[in-house]
Structure formats: structure tokens, C-alpha cells
Amino acid sequence: ADHRPLADRHVLVTAGPTWEAIDPVRYIANRSSGKQGFAIAAAAAALGAKVTLVAGPVSLRTPAGVNRVDVESAEDMARAVKVALPADVAVMVAAVADWRPKEYRGEKIKKRGSAPPALMLAENPDILTNLATGGNRPELVIGFAAETENVIENAKQKRKRKVADWIVANDVSGDVMGGDRNRVHIVSADGVETLDEMPKSAVAMALAERIAASLKVEAAE
Ligand code: C5P
């Protein structure tokens, strides 16, 4: 038998940005590299989990032992997350675009004419909240929070608002976005654990170990 701490567990991870198409050649996106989410998928797989990684558009290699589902938009990501259920754990690391263009223009918008076009936006589904409040809820739902100020206070509020069990807060006022290191605070009902700054792979392993420990406690109760 596989005695690794996440053996027989299904861990669902979202990672990367989303692209929200304006027309066939243009889109709205953000600076997420996907590195932290991919590292978490890799760490969970290394601890024996079956891992589904729903990835937005990134140029990263699929970690060993990870089942990767590529998506482009937030709506695609929301669908792929539903399809991947049930899961024991969900770690939502993706930097989902808050808004998408209200309508997709099937033909490239022409520059000719006088005024630049006005972009009307529509709100994207909140994948994390829908997962945390819907049927088939994973036992442990973890969100991320990228903040530039009041990092811990905002994370505590986000944990409640999103109905997540844990929020992993990182201070992105430095060069975390796209970088290889991260400093995070894990905010749960039990309080706040602040980890030292370390490589994203080490943050991922620390988180995967805490996930395994938390599931074990639940199983024992
Ligand atoms: O509200 P905010 O975007 O800061 O929340 C971040 C957390 O929520 C992350 O875990 C992110 O993956 C998740 N999220 C989501 N769907 C959205 C927006 C955020 O799953 N539309």
C-alpha cells in the first residue's frame, strides 16, 4: 500500500491567470505566472495525492504525476473545476480575472473610425466561493489572497466572505508575481501561521504537509 500522507486523496488545484477574450486577437489578463499553483500540485503529488491541476494559460511544464486540464477563461475554469469534483481538497491559486468583456466580438475590432471602442465588462463567477458553498464541497477548501496592504486583516475577512477553510495570504508588494520566492501567512479558524520567506516549492511542500496533517486529524475524529 502507498503510505504517503496524501495517498488516496484527490487534490484539486487551480493555477495561473485567466484570459478573457475581447475579440479573436485581444484579451484581458493579469501577471500571474502559475508558479505557486504548479508547485502546490507537484508537492501534493509527491505526497501521494491524485492531483487535478486546472491551469490557465501559462508556459510551465506539467509536474510529475499531475493530471492537467488547460483552460483559458474564468468561465472555462469554473466548468473544469465542476467536472473535476469530487475532491477531498481544493487549493484555488489561480488569479482569476474579476471581469470579462460583456460581449465577445467574433470579428477583430477595427481601428478605423473616430473614437476608441468602449469596453463593457461583466463580472466573472467566483470559482472559490461557488465551490465552498455548493454541493460536493471538498472537505478542505483553501484560497489564496494576493494583497499589497493589511495583508492578514484582509485575508481574515476574505476567509469568511469566501467561506474558505484557509486563506494563504501573500504580500505581493515586492516581486512575488513571477518570482521564485514567496512569504505567506496561513489564515485558518485556528489563527495565523506566518512562514519564513522561501522558494515557492518550499511554500508548496509546507502547505501540502499541513493539508495532510489536517485531513488526518479530521479522519481521526
Ligand atoms: O477576491 P480575490 O480575487 O482576491 O480572491 C482570491 C481567491 O479567490 C483565490 O484563491 C482565487 O483563486 C479565488 N478566486 C476564484 N474565482 C474568482 C476570483 C477569485 O476562484 N473569480
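Keep in mind that what you see is a predicted model, and the values were worked out from it rather than measured.

Q: Even after reading the chapter, I still don't get the UniProt feature "binding site: CTP" (unreviewed entry) in the protein, so can you show me in this structure?
A: The UniProt entry lists Asp98, Lys108, Pro125, Asp126, Ile127, Leu128, Phe144, Lys158 and Lys162 under the feature "binding site: CTP" (unreviewed entry), expressed in the numbering used here. Across 65 residues, the annotated set is spatially dispersed, with a maximum C-alpha separation of 38.0 Å. Note on placement: aspartate 98 falls in the loop between β6 (89–92) and β7 (99–101). Classification of aspartate 98 by relative accessible area gives exposed; the value is 52%. By relative accessible area, which is 8% here, leucine 128 ends up buried.

Q: Help me understand the site of the ligand, please; the structure alone is not making it clear to me.
A: The ligand sits among Met92, Val93, Ala94, Val96, Pro125, Asp126, Ile127, Leu128, Gly143, Phe144, Lys158 and Lys162. A distance of 2.6 Å is found between an oxygen atom of the ligand and a backbone nitrogen or oxygen belonging to alanine 94. A distance of 2.9 Å is found between an oxygen atom of the ligand and a backbone nitrogen or oxygen belonging to leucine 128. Protein contact buries 84% of the 450 Å² of open area that the ligand shows by itself. Every element with two or more residues in the shell around the ligand is listed here: α3 (127–133), β9 (140–147) and α4 (151–162). Residues belonging to the shell around the ligand are distributed by class as follows: 8 nonpolar, 1 polar and 3 charged.

Q: When you look at the pattern of salt bridges in this model, what are you seeing that I'm missing?
A: Opposite charge on two side chains allows them to pair when their charged atoms are near. Using the criterion set out here, one finds 13 salt bridges in the structure. One salt bridge in this structure joins arginine 79 and aspartate 76, with 3.0 Å as the shortest N-O distance. A residue pair is termed a helical-turn pair when its members lie 3 or 4 positions apart in one helix, as arginine 79 and aspartate 76 do in helix α2 (residues 74–84) at 3 residues. Among the residues examined, arginine 79 registers a relative accessible area of 52% and is labelled exposed. The closest approach of N and O atoms between aspartate 165 and arginine 137, which form a salt bridge, is 3.0 Å. Taken together, the residues span a long stretch of sequence, with aspartate 165 in the loop between α4 and β10 (166–171) and arginine 137 in the loop between α3 and β9 at a distance of 28 residues. Accessibility expressed as a relative area gives 29% for arginine 137, which makes it partly exposed. Linked by salt bridges that have partners in common, Arg9, Asp88 and Glu139 make up one network.

Q: Honestly, the environment of valine 66 in this entry has me stumped. Any pointers?
A: Inspection of the secondary structure assignment puts valine 66 in strand β5 (residues 66–70). Since its relative accessible area comes to 11%, valine 66 is described here as buried. A sequence separation of 24 residues divides valine 66 from alanine 42, and the C-alpha atoms of the two residues are 7.0 Å apart. Discounting chain neighbours no more than four positions away, the residues touching valine 66 are Ala41, Ala42, Ala45, Val51 and Leu53.

Parameters and conventions
- Residues numbered from 1 in each chain as written.
- Predicted model: local features only at pLDDT ≥ 70, side-chain atom pairs only at ≥ 80, totals over all residues.
- Heavy atoms only, no water.
- UniProt positions renumbered as here; feature names shortened; annotations may be inferred.
- Helix = DSSP H or I, 4+ residues; strand = E, 2+ residues; numbered from the N terminus.
- Buried < 20%, exposed > 50% of the residue type's maximum accessible area, 1.4 Å probe, protein only.
- Near = heavy atom within 4 Å.
- Polar contact = N/O pair within 3.5 Å; in protein donor to acceptor, adjacent residues only side chain to side chain.
- Areas by Shrake-Rupley, 256 points an atom, 1.4 Å probe, with all protein chains shown as cover.
- Nonpolar A, V, L, I, M, F, W, Y, C, P; charged D, E, K, R; others polar.
- Salt bridge = Lys/Arg side-chain N within 4 Å of Asp/Glu carboxyl O.
- Contact = heavy atoms within 4.5 Å.

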